[in-house]
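# Breakdown of the fold
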Amino acid sequence: MGKEKKTIKTIKIDLDKCNGCRACEMICSAFHAAPKYSSNNPARSRIRMIRDPIRDVYVPVYAGEFTASECMGRDKYVIDGKEYDECGFCRASCPSRNVFKEPDSGLPLKCDMCEGEEKPLCVKWCLNEALIYEEREEEVEEEVKAEDVEIGLGSLIDKYGLEKIADTVARMSMAKKG
Ligand code: SF4
Ligand code: SF4
């Protein structure tokens, strides 16, 4: 199988530089408003600022995948003597907390890296340079397309008949399991 190039997009977060200004939340929610830039509500942002000024805790967290069930346990981090909230670094939209959910519909929100923009807008708007955008190319195995598999199987079926192919697949999968 051949190799293909994949672009990996990363936003590096420098916690020491973040001062909790929430400009990232503001621009993200405005960019994703319908129509675009018509409103700004941090509850709709795909990045949330977890902040506690008394403990000098500022953590920008990006919305990741939705999960239907909460974790069996909770994470709590202590870094350089600062204790961060439970689940403070978690990116999931999950039933146990109210972040990364569209306020009206309750639907999960997920960062899309500002699709269509040359650079993520939260990165552009972070004047403290706490968010650093990086892009790199990686070589990955070329994905086998479903239609290619179907074409290949179709010609085998034409040659040997459906029953024989089905028997062979069943035998091979039994052998793999065993
Ligand atoms: S990259 Fe774009 S979509 Fe993702 S959090 Fe930043 S502004 Fe929002
Ligand atoms: S814009 Fe930058 S400094 Fe301001 S809250 Fe977001 S990450 Fe922190």
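In this report, the structure presented in the accompanying data block is examined. (Residues numbered from 1 in each chain as written. Chains lettered and ligands numbered in written order. Predicted model: local features only at pLDDT ≥ 70, side-chain atom pairs only at ≥ 80, totals over all residues. Heavy atoms only, no water.)

What follows concerns the site of ligand 2. Around ligand 2 lies a shell formed by Cys18, Asn19, Gly20, Cys21, Arg22, Ala23, Cys24, Met49, Pro60, Cys126, Asn128 and Leu131. Per-class residue counts for the shell around ligand 2 are eight nonpolar, three polar and one charged. (Near = heavy atom within 4 Å. Nonpolar A, V, L, I, M, F, W, Y, C, P; charged D, E, K, R; others polar.)

Before going further, it helps to spend a moment on the site of ligand 1. The environment of ligand 1 is formed by Cys28, His32, Arg46, Ile47, Tyr62, Cys111, Asp112, Met113, Cys114, Pro120 and Cys122. In terms of residue class, the shell around ligand 1 is made up of eight nonpolar, one polar and two charged.

Attention now goes to the side chain of arginine 97. Considering the arrangement of structural elements, one finds arginine 97 in the loop between strand S5 (82–83) and helix H2 (121–125). Despite its burial, arginine 97 pairs with no opposite charge; the closest candidate is aspartate 85, at 8.9 Å N-O. A polar contact is formed between the side chain of arginine 97 and the backbone oxygen of cysteine 87, at a distance of 3.3 Å. When sequence neighbours within four positions are dropped, the list of residues in contact with arginine 97 reads Cys87, Cys90, Arg91 and Ala92. (Helix = DSSP H or I, 4+ residues; strand = E, 2+ residues; numbered from the N terminus. Buried < 20%, exposed > 50% of the residue type's maximum accessible area, 1.4 Å probe, protein only. Lys, Arg positive; Asp, Glu negative; His and termini not counted. Salt bridge = Lys/Arg side-chain N within 4 Å of Asp/Glu carboxyl O. Polar contact = N/O pair within 3.5 Å; in protein donor to acceptor, adjacent residues only side chain to side chain. Contact = heavy atoms within 4.5 Å.)

Let's shift gears to helix H1 (residues 23–31). Summarising burial for H1: eight of the nine residues are buried, a large majority. Taken as a whole, H1 has its buried residues at Ala23, Cys24, Glu25, Ile27, Cys28, Ser29, Ala30 and Phe31. Structurally, H1 contributes buried residues whose contacts are with strand S2 (47–52), H2 and strand S6 (131–141).

Let us look at the nonpolar core. By size, the foremost hydrophobic cluster in this structure holds 14 residues, and its most contacted members are Ile11, Ile47, Tyr62, Cys122, Val123 and Leu131. Looking at this core, the elements that each hand over two or more residues are H1, S2, strand S3 (57–62), H2 and S6. In terms of nonpolar packing, the next biggest core, distinct from the first, is built from seven residues, Val57, Val61, Tyr84 and Val99 among them. (Core = buried A, V, L, I, M, F, W, Y, C linked by side-chain atoms within 4.5 Å.)

On to the pattern of salt bridges, then. Side chains that differ in sign of charge can pair as their charged atoms come close. Scanning the entire structure with this criterion turns up 15 salt bridges. Residues arginine 22 and glutamate 25 are paired through a salt bridge, measuring 2.8 Å at the closest nitrogen-oxygen approach. Residue classification places arginine 22 among the partly exposed residues on the basis of a relative accessible area of 32%. Two residues, glutamate 102 and arginine 44, come together in a salt bridge whose shortest N-O distance is 2.5 Å. Placement of glutamate 102 in the loop between S5 and H2 and of arginine 44 in the loop between H1 and S2 is noted, with a sequence separation of 58 residues between them. According to the relative accessible area criterion, glutamate 102 is buried, its value standing at 18%. In this structure arginine 44 comes out as partly exposed when scored by relative accessible area, which is 23%. In the salt-bridge network here, residues are joined through shared partners; they are Arg22, Glu25 and Arg48.

Position of lysine 101 among the secondary structure elements: in the loop between S5 and H2. Although lysine 101 is buried, it forms no salt bridge, and the closest oppositely charged side chain is glutamate 70 at an N-O distance of 9.2 Å. For lysine 101, the side chain forms a polar contact with the main-chain oxygen of arginine 97, separated by 2.4 Å. What lysine 101 contacts, discounting residues up to four positions off in sequence, is Ala43, Ser93, Cys94, Pro95, Gly106, Leu107, Pro108 and Leu109.

Backbone torsion omega between alanine 34 and proline 35 reads -10°, so that peptide bond is classified as cis. Relative to the elements of secondary structure, proline 35 occurs in the loop between H1 and S2.

Looking now at a negative patch on the surface. Taken together, the side chains of Glu4, Glu142, Glu143, Glu147, Asp148 and Glu150 define an acidic patch exposed on the protein surface. Its location among the elements puts glutamate 142 in the loop between S6 and helix H3 (146–160). The exposure class of glutamate 142 is partly exposed, given its relative accessible area of 36%. (Patch = residues over 30% accessible without salt bridge, like charges linked within 9 Å, V, L, I, M, F, W, Y side chains within 5 Å. Areas by Shrake-Rupley, 256 points an atom, 1.4 Å probe, with all protein chains shown as cover. Charge placed at Lys NZ, Arg CZ, Asp CG, Glu CD.)

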